[in-house]
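Commentary on secondary and tertiary structure
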Amino acid sequence: MNPSDAELVQACRRGDEKAWEALVMRYQRLIYTIARRAGLDESSSADVFQNVFAILLEALDKIERPDRIQAWLVTTTKRETWRAVLEQKGSAFAAGDDEEDPLASLPDKAPLPDEELLMLEKQHAVRAAVASLDDRCRRLLTMLFYSAEPPAYSEIAAALGIPEGSIGPTRARCLQKLLRAVNESGIR
């Protein structure tokens, strides 16, 4: 079973490098997605990612609610993304951009609408829940729901080494496990 966020943060505080790596792997996609959806290029998104984890490293012992590390990372990522967007706009203005105000072209004051951020958090929760499933369920759900063209049941049965007739009931049990894992994550 995958360790909880709180367990990972506690292990990181003790200097456990594997816990740090697991925490980074768990949230890297979410952090990059927030930066990219705000309009930052790949390089600037990578800078945001590095800044967020550098800030986390400095603040690790001060975080009062390790179980809420995802919310902390999202908030920090939004701030760092906003800072990067402002820096890009400011440098464009300094380079001779004819706009009166470098912030005038920004669509709004937040890098992402709350609804979109909530959707990203839900997607992250589902990905984390799928990753926490046992190998057979993870493989089955990935084959069924993560491909543009799901394979035929005969292919799935051969890949998993199970009878074709048991795919439906196995899928139902795996979806129940997935639902429990998502509900445990606290995101609805």
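Coordinates for the structure precede this section.
Residues numbered from 1 in each chain as written. Predicted model: local features only at pLDDT ≥ 70, side-chain atom pairs only at ≥ 80, totals over all residues. Heavy atoms only, no water.

1. Brief notes about the pattern of salt bridges
For clarity, the cut-off: Salt bridge, as used here, is a side-chain nitrogen of Lys or Arg placed within 4 Å of a carboxyl oxygen of Asp or Glu. Segments assigned H or I by DSSP are reported as helices when at least four residues long, segments assigned E as strands when at least two residues long, and all are numbered from the N terminus. Exposure is judged per residue with a 1.4 Å probe applied to protein chains only, and the accessible area is read against the type maximum: over 50% gives exposed, under 20% gives buried, and values in between give partly exposed.
Here the structure, examined in full by the defined rule, presents six salt bridges. Ionic pairing is found between Glu80 and Arg83, a salt bridge with its closest N-O pair at 2.2 Å. In this pair, Glu80 and Arg83 are both assigned in helix 4 (residues 69–94), three residues apart and thus about one turn of the helix distant. By relative accessible area, Glu80 is classed as buried at 9%. We note a salt bridge from Asp134 to Lys177, for which the minimum N-O separation is 2.9 Å. A residue pair is termed long-range when its members are at least 10 positions apart, and Asp134 in the loop between helix 5 (114–132) and helix 6 (135–145) and Lys177 in helix 8 (residues 167–185) qualify at 43 residues. Linked through salt bridges whose partners overlap, the residues forming this network are Asp135, Arg138 and Arg139.

2. So, the state of the cysteines
Rules: Two cysteine sulfurs form what is called a disulfide whenever their separation falls within 2.5 Å.
Evaluation of the coordinates by the stated rule reveals one disulfide. Here Cys137 engages in a disulfide with Cys174; their sulfurs sit 2.1 Å apart. One quick way to see it: the torsion about the S-S bond of Cys137 and Cys174 is about -75°, and its sign makes the bridge left-handed. Here the residue Cys137 occupies a position in helix 6, and Cys174 occupies one in helix 8, the gap between them amounting to 37 residues. Take Cys174: its relative accessible area is 1%, and that puts it in the buried class.

3. Points about the nonpolar core
Just so we agree on the cut-off: As used here, the term nonpolar core means buried Ala, Val, Leu, Ile, Met, Phe, Trp, Tyr and Cys residues forming a set that is joined through side-chain atoms within 4.5 Å. Here, two residues are considered to be in contact whenever any of their heavy atoms come within 4.5 Å of each other.
The biggest cluster of nonpolar side chains holds 27 residues, and the ones touching the most others in it are Leu23, Tyr27, Ile31, Phe53, Leu56, Ile69 and Leu73. Counting only elements with at least two residues in this core, the list comes to helix 1 (5–13), helix 2 (17–37), helix 3 (42–59), helix 4 and helix 5. No other element matches helix 2, which puts eight residues into this core. The contact partners of Leu56, leaving out residues within four places of it in the chain, are Trp20, Leu23, Ile63, Ile69, Trp72 and Leu73. Counting residues in each nonpolar core, the second largest holds 17 residues, with Val130, Leu133, Ile156 and Ala157 among its members.

4. As for helix 6
Formally: Directions from the helix axis toward the C-beta atoms define the arc.
Buried within helix 6 are the following residues: Cys137, Leu140, Leu141, Met143 and Leu144. The arc that holds the buried residues of helix 6, viewed along the axis, is 160°, so those residues lie on one side. The secondary structure elements touched by the buried residues of helix 6 are helix 7 (153–160) and helix 8.

5. Regarding a nonpolar patch on the surface
Stated formally: Nonpolar side chains (Val, Leu, Ile, Met, Phe, Trp, Tyr) within 5 Å and like charges within 9 Å form the patches, drawn only from residues with over 30% relative accessible area and no salt bridge. Per-residue and other accessible areas were derived by the Shrake-Rupley procedure at a 1.4 Å probe size, with only the shown protein chains allowed to occlude residues.
Together, Val126, Phe145, Tyr146 and Leu175 make up a nonpolar patch on the protein surface, roughly 370 Å² of accessible area in all. Locating Tyr146 in the fold gives a position in the loop between helix 6 and helix 7.

6. Considerations on helix 3
This is how it is decided: The length a helix should cover is 1.5 Å for every residue beyond the first. Polar contact is the term for a pair of N or O atoms within 3.5 Å; when the atoms are in protein, one must be able to donate a hydrogen and the other to accept it, and sequence-neighboring residues count only if both atoms are side-chain atoms.
With 18 residues, helix 3 should reach 26 Å at 1.5 Å per residue; the first-to-last C-alpha distance of 26 Å fits that figure. When helix 3 is considered as a whole, its buried residues turn out to be Ser44, Ser45, Val48, Phe49, Val52, Phe53, Leu56 and Ala59. Sitting at the head of helix 3, Asp41 places a side-chain oxygen 3.3 Å from the backbone nitrogen of Ser43.

7. Side note on the environment of Arg173
Tracing the chain through its elements places Arg173 in helix 8. Accessibility expressed as a relative area gives 46% for Arg173, which makes it partly exposed. As for Arg173 and Cys137, which are separated by 36 residues in sequence, their C-alpha atoms are 8.4 Å apart.

8. Considering the side chain of Thr81
With respect to the helices and strands, the residue Thr81 is situated in helix 4. A relative accessible area of 0% means that Thr81 is categorised as buried. At 2.7 Å, the side chain of Thr81 forms a polar contact with the backbone oxygen of Thr77.

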